[in-house]
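Understanding the architecture of this molecule
Listed below, chain by chain, are the residues.
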Amino acid sequence: MLTAVQVKPDVYWVGGVDWNARSFHGYTTEDGITYNAYLIMDEKVTLIDTAKSTFKDEFLQRISAIIDPSKIDVLVCNHVEMDHSGNIPTIKELAPNAQIYCSPQAVKELTAHYGDLGYTPVKTGDTLSIGKRTLAFVQTPMVHWPDNMVTLDVEDKILFSNDAFGQHFASSARFDDENDYHEIMKQARKYYANIVQPYRMQAANAVKAVRKLGPDAIEMIAPAHGVIWRSHVADILDAYEQVFVSGKLANKAVVIYDSMWHSTDKIAHSICDAFLAEGVAAHLMDLKENHVSDAMDFFLDAKYVAVGSPTLNSNMMPTVAEFLTYMRGLSPKQNNTDRIGFAFGSYGWAPLGPKNVYAELEADGFQLPEPAFMYNWIPTQEYLDGVREKVRAVVKANPVA
Ligand code: FEO
């Protein structure tokens, strides 16, 4: 029998650990995933979220370690996506009288997913007494779907935040201070960059709503993925406010490219070296060796973005096209207008690879002070030095605000 983990007296983690998950919607999850659900043992036995349907046995075993699942009275659904709602039908089957609370939008989405299981809509400002405790609901639309909300256990000061403040990170320990701090902050950043980034304004509103609860209202943030924040609540809120949702760009650059015979690779290194010479923290990523979801982690607050491709069959390399498509979805045009872009690449008989990269960056809202750096066949050292100086000049003329 699997066990539950006590979060606070009479509050338990009853989720699932997906140790071997290595992808979530095309985002690499090198540390796995957790699907967190929480059980509150009060006069009304309350479950906050469920778990992915394939984790039914693990989830039910952990609940059963505390109480017979048929005794559940209240089920709060903070988010309809199936990694959290997948076992709502299971709970409803075992506890037919359990009342499901969710946002008005979630009522529509849950009905579309599972049929009418009897849903009670709650909005921001609504509360629910479950005995000694009061649950307060705050809608957080688009963090990560239109239905999202967060739930505050007022007396325990636990914010059940669902996707917000989450990380794709599987480990044997459930709390932030039991894990490596830098690893969990890195995974929180990667999670934001690959899941929440397109909804920056809505995420900013969600953070404001959390702040509005008051500085003493929250002792723990218990997300639906990854570790529970208890020692670093201030750190994760600050990271969201000051970096993730702020839209502020840092003195950072990413050089993202693919190459066939190292000519585009040579230009990439010259561009990277120019950033370093100007004191910009640069990261060079060959897409043959790096995944687009890791590239987005570095892209998140990078002022300078250089994208390169040689010409392959009258277009750019498929890896570069994949990056640009993925980036467009996560960082819409309005988020790129303060960024400085560069396009580059070598070619044999038609410069269509770098030209098409330039056109894509232009369509995505980047400022492009230089035409695409394009070289026919193998770039000479003189050409590479010229590229380096042009990039340095652009950086000098366009410092981080
Ligand atoms: Fe973790 Fe939007 O689901």
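Just above sits the structure.
Keep in mind the model is a prediction, meaning the values are calculated, not measured.

**A look at the sheet that holds strand E12 (residues 127-129)**
Note: strands within a sheet are paired through backbone hydrogen bonds, in either parallel or antiparallel orientation. With respect to topology, five strands assemble into an open sheet ordered E12-E13-E14-E15-E16, the strand pairing being mixed. Two strands close off the open sheet at either side, each with one partner strand: E12 and strand E16 (220-223). Neighbouring strand axes in the sheet, compared pairwise and without regard to direction, differ in orientation by 20 degrees on average. Taken together, the three bridges between E12 and strand E13 (residues 134-139) define a ladder with antiparallel strand orientation. Residue pairing across strands places serine 129 opposite threonine 134, the latter belonging to E13.

**As for the sheet that holds strand E8 (residues 46-48)**
Pairing is mixed across the open sheet formed by seven strands, whose spatial order is E1-E2-E7-E8-E9-E10-E11. Looking at strand neighbours, the two that pair on one side only are strand E1 (5-8) and strand E11 (119-121), the edges of this open sheet. Averaged over all adjacent pairs, the angle separating strand axes in this sheet is 25 degrees, with direction ignored. Here helix H4 (residues 104-114) sits on the sheet in contact with strand E10 (99-102) and E11, set at roughly 160 degrees to E11.

**Quick word on the side chain of serine 293**
Of note, serine 293 is situated in helix H9 (residues 292-299). Sequence-distant contacts of serine 293, defined by excluding residues within four places in its chain, comprise Tyr27, Thr28, Lys190, Asn194 and Tyr326.

**Quick look at the environment of leucine 249**
For leucine 249, the position within the fold is in the loop between helix H7 (233-244) and strand E17 (250-257). Residue class for leucine 249 comes out buried when judged on its relative accessible area of 18%. Among residues more than four places away in sequence, those in contact with leucine 249 are Leu300, Asp301, Ala302, Lys303, Asp338, Arg339 and Val400.

**Concerning the packing of aromatic side chains**
Per the counting criterion, the structure on display carries 13 aromatic pairs. Ring geometry for tyrosine 192 and tyrosine 240: centres 5.5 Å apart, planes at 80 degrees, overall edge-to-face. With tyrosine 192 in helix H5 (residues 181-196) and tyrosine 240 in helix H7, the pair connects residues that are 48 residues apart, well separated along the chain. Taking relative accessible area as the criterion, tyrosine 192 reaches 0% and is therefore assigned buried. Through a chain of ring-to-ring contacts, three or more aromatic side chains come together here, namely Phe165, Tyr192, Tyr240 and Phe244.

**Focus on the state of the cysteines**
Evaluated as defined, the whole model comprises zero disulfides. The cysteine cysteine 77 is free of any disulfide, with cysteine 102 supplying the nearest cysteine sulfur at 5.8 Å. By relative accessible area, cysteine 77 is classed as buried at 1%.

**A few points about the environment of tryptophan 261**
Mapping tryptophan 261 onto the fold places it in the loop between E17 and helix H8 (263-277). When its relative accessible area of 76% is taken as the criterion, tryptophan 261 is described as exposed. Along the primary structure tryptophan 261 and glutamate 289 are separated by 28 residues, whereas in three dimensions their C-alpha atoms are 15 Å apart.

**Observations regarding a nonpolar patch on the surface**
The grouping of Trp349, Trp377 and Ile378 at the surface amounts to a nonpolar patch, some 480 Å² of accessible area in total. Note that tryptophan 377 resides in the loop between strand E21 (373-376) and helix H12 (381-397). Of the residues examined, tryptophan 377 reaches a relative accessible area of 51% and is grouped as exposed.

**Digging into the pairing of strand E14 (residues 149-153)**
With five of five residues buried, E14 is to be regarded as a mostly interior element. Alternating positions in E14 separate into two faces, Met149, Thr151 and Asp153 on one and Val150 and Leu152 on the other, with burial throughout. Bridging between E13 and E14 involves five bridges; their strand directions are antiparallel. Within E14, the residue paired with glutamine 139 across the bridge is methionine 149. Following E14, the chain reverses through four residues before pairing antiparallel with strand E15 (residues 158-162); lysine 157 in that reversal takes a positive phi of roughly 60 degrees.

Rules used in this analysis
Residues numbered from 1 in each chain as written. Predicted model: local features only at pLDDT ≥ 70, side-chain atom pairs only at ≥ 80, totals over all residues. Heavy atoms only, no water. Pairing = 2+ DSSP bridges. Helix = DSSP H or I, 4+ residues; strand = E, 2+ residues; numbered from the N terminus. Axes fitted to C-alpha atoms, helices over the stretch in contact; angles between N-to-C directions. Contact = heavy atoms within 4.5 Å. Buried < 20%, exposed > 50% of the residue type's maximum accessible area, 1.4 Å probe, protein only. Phe/Tyr/Trp six-rings, centres within 6.5 Å; stacked < 30°, edge-to-face > 60°. Disulfide = S-S within 2.5 Å. Patch = residues over 30% accessible without salt bridge, like charges linked within 9 Å, V, L, I, M, F, W, Y side chains within 5 Å. Areas by Shrake-Rupley, 256 points an atom, 1.4 Å probe, with all protein chains shown as cover. Salt bridge = Lys/Arg side-chain N within 4 Å of Asp/Glu carboxyl O.

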